[in-house]
Amino acid sequence: MPKVAIVMGSQSDWPTMQQAALMLKELGVDFTARVVSAHRTPDLLCEFANSAAEQGFEVIIAGAGGAAHLPGMIAAHTHLPVLGVPVKSKALSGVDSLYSIVQMPKGVAVGTLAIGEAGAANAGLLAAQILAVSDKALTERIKAFRKAQTDMVLANQTLELP
Ligand code: RP5
């Protein structure tokens, strides 16, 4: 049973949210991904969030754009940690999504990542880091990922003028 659920408000969020999925795959963390819309499928949202812990999920990644209620509404229905990804919107470039997700009132927490693909990838990474607190093998895989990243930067110091 996967411990991470990736949910998003629309199919159109998948090009962004697949970065979370790719990161989890790279780190060897099982996940499920599905579309759950706060305003188009509100009953599904409640059903999913209310039963997420019973289903065995331990972390939820929720991405949405525009008036992005999804992460906050999911967090309102579950005690599981929710990581919110502001998807870049057409009208306001994701600043609307960011403000909608990040400004949670006191008492219900959403951990908000950066706008767009970097935020989605880091949501996957952070979900893995949360699970790694009680998973030594995953901790080692995350350390190896970080070391490979560091080694790549150190190995490429070529800074040529055109
Ligand atoms: C939000 O509205 C979704 O998360 C998406 O980012 C945005 C636009 O959705 P579509 O009109 O592309 O389905 O609910």
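The chain carries the name N5-carboxyaminoimidazole ribonucleotide mutase in an unreviewed UniProt entry, which gives Bowmanella yangjiangensis as its organism. On record in UniProt, under Catalytic activity (unreviewed entry), the comment for the chain is "5-carboxyamino-1-(5-phospho-D-ribosyl)imidazole + H(+) = 5-amino-1-(5-phospho-D-ribosyl)imidazole-4-carboxylate". According to UniProt, the comment filed for the chain under the heading Function (unreviewed entry) is "Catalyzes the conversion of N5-carboxyaminoimidazole ribonucleotide (N5-CAIR) to 4-carboxy-5-aminoimidazole ribonucleotide (CAIR)."

S.K.: Sorry, what's going on with the overall build of the chain here?
M.R.: When you go through the chain residue by residue, the secondary structure sums to 6 helices and 5 strands. In sequence order, the chain lays out its α and β elements as β-α-β-α-β-α-β-α-β-α-α. Computed over the C-alpha atoms, the radius of gyration of the chain is 16 Å, within 12% of the 15 Å expected from 2.2 N^0.38 for a compact globule of 162 residues. For the chain, the spread of C-alpha atoms along the principal axes amounts to about 55 × 40 × 30 Å. Relative to its 162 residues, the chain shows a buried fraction of 38%. Of all intrachain contacts in the chain linking residues separated by at least 6 positions in sequence, the fraction that spans at least 24 positions is 68%.

S.K.: Which parts of the structure should I look at to understand the pairing of strand β1 (residues 4–8)?
M.R.: Strand residues, when the strand is regular, have side chains that alternate between the two faces of the sheet. Within β1, 5 of the 5 residues are buried, leaving the element largely enclosed by the surrounding structure. Burial along β1 is two-sided: Val4, Ile6 and Met8 and Ala5 and Val7, pointing in opposite directions, are all buried. The handedness of the β1 to strand β2 (residues 31–35) crossover, carried by helix α1 (residues 14–26), is right-handed. One ladder, built from 5 bridges, connects β1 with strand β3 (residues 59–65); its direction is parallel. By the bridge assignment, Ile6 is partnered in β3 with Ile61.

S.K.: Would you explain the site of the ligand in this entry?
M.R.: Taken together, Gly9, Ser10, Ser12, Asp13, Ser37, Ala64, Gly65, Gly66 and Val87 make up the full set of residues near the ligand. Its residues assigned to classes, the shell around the ligand shows 2 nonpolar, 6 polar and 1 charged.

S.K.: Any chance you could explain helix α6 (residues 136–155) here in plain terms?
M.R.: Residues separated by three or four positions in an α-helix point in the same direction, a consequence of the helix having 3.6 residues per turn. Between its terminal C-alpha atoms α6 stretches 28 Å, which fits the 28 Å expected from 20 residues at 1.5 Å a residue. Along α6, only 0 of the 20 residues are buried, which leaves the element largely exposed.

S.K.: What am I meant to see in the environment of Pro162 here?
M.R.: Note on placement: Pro162 falls in the segment after α6. Looking at Pro162, the number of C-beta atoms within 10 Å reads 2, which means it is exposed. Separated by 21 residues in the primary sequence, Pro162 and Arg141 have C-alpha atoms spaced 38 Å apart.

S.K.: Help me understand helix α5 (residues 117–132), please; the structure alone is not making it clear to me.
M.R.: Over its 16 residues, α5 runs 23 Å from end to end, which matches the ideal 22 Å to within 8%, given 1.5 Å per residue. Those residues of α5 that fall on the buried side of the exposure criterion are Gly119, Ala120, Ala121, Ala123, Gly124, Leu125, Ala127 and Ala128. Elements that come into contact with the buried residues of α5 comprise β1, α1, β3, β4 (82–87) and α6.

S.K.: Sorry if this is basic, but what is going on with the UniProt feature "binding site: substrate" (unreviewed entry) in the chain here?
M.R.: Summarizing the sequence annotation, UniProt attributes the feature "binding site: substrate" (unreviewed entry) to Ser10, Asp13 and Arg40 in the numbering used throughout. Sequence-wise these annotated residues cover 31 residues; spatially they are packed, their C-alpha atoms never more than 14.3 Å apart. On the secondary structure map, Ser10 appears in the loop between β1 and α1. Contact partners of Ser10, with chain neighbours within four places excluded, come to Val35 and Ser37. With respect to the helices and strands, Asp13 occurs in the loop between β1 and α1. On the basis of neighbour counts, which here come to 25 C-beta atoms within 10 Å, the residue Asp13 falls in the buried class.

What counts, and where the lines are drawn
Residues numbered from 1 in each chain as written. Predicted model: local features only at pLDDT ≥ 70, side-chain atom pairs only at ≥ 80, totals over all residues. UniProt positions renumbered as here; feature names shortened; annotations may be inferred. Helix = DSSP H or I, 4+ residues; strand = E, 2+ residues; numbered from the N terminus. Rg over C-alpha atoms; globule rule 2.2 N^0.38 Å. Buried ≥ 20, exposed ≤ 12 C-beta atoms within 10 Å, placed from the backbone. Contact = placed C-beta atoms within 7 Å. Right-handed = clockwise from strand over helix to strand, strands pointing away. Pairing = 2+ DSSP bridges. Near = placed C-beta within 6 Å. Nonpolar A, V, L, I, M, F, W, Y, C, P; charged D, E, K, R; others polar. Expected span 1.5 Å × (residues − 1).

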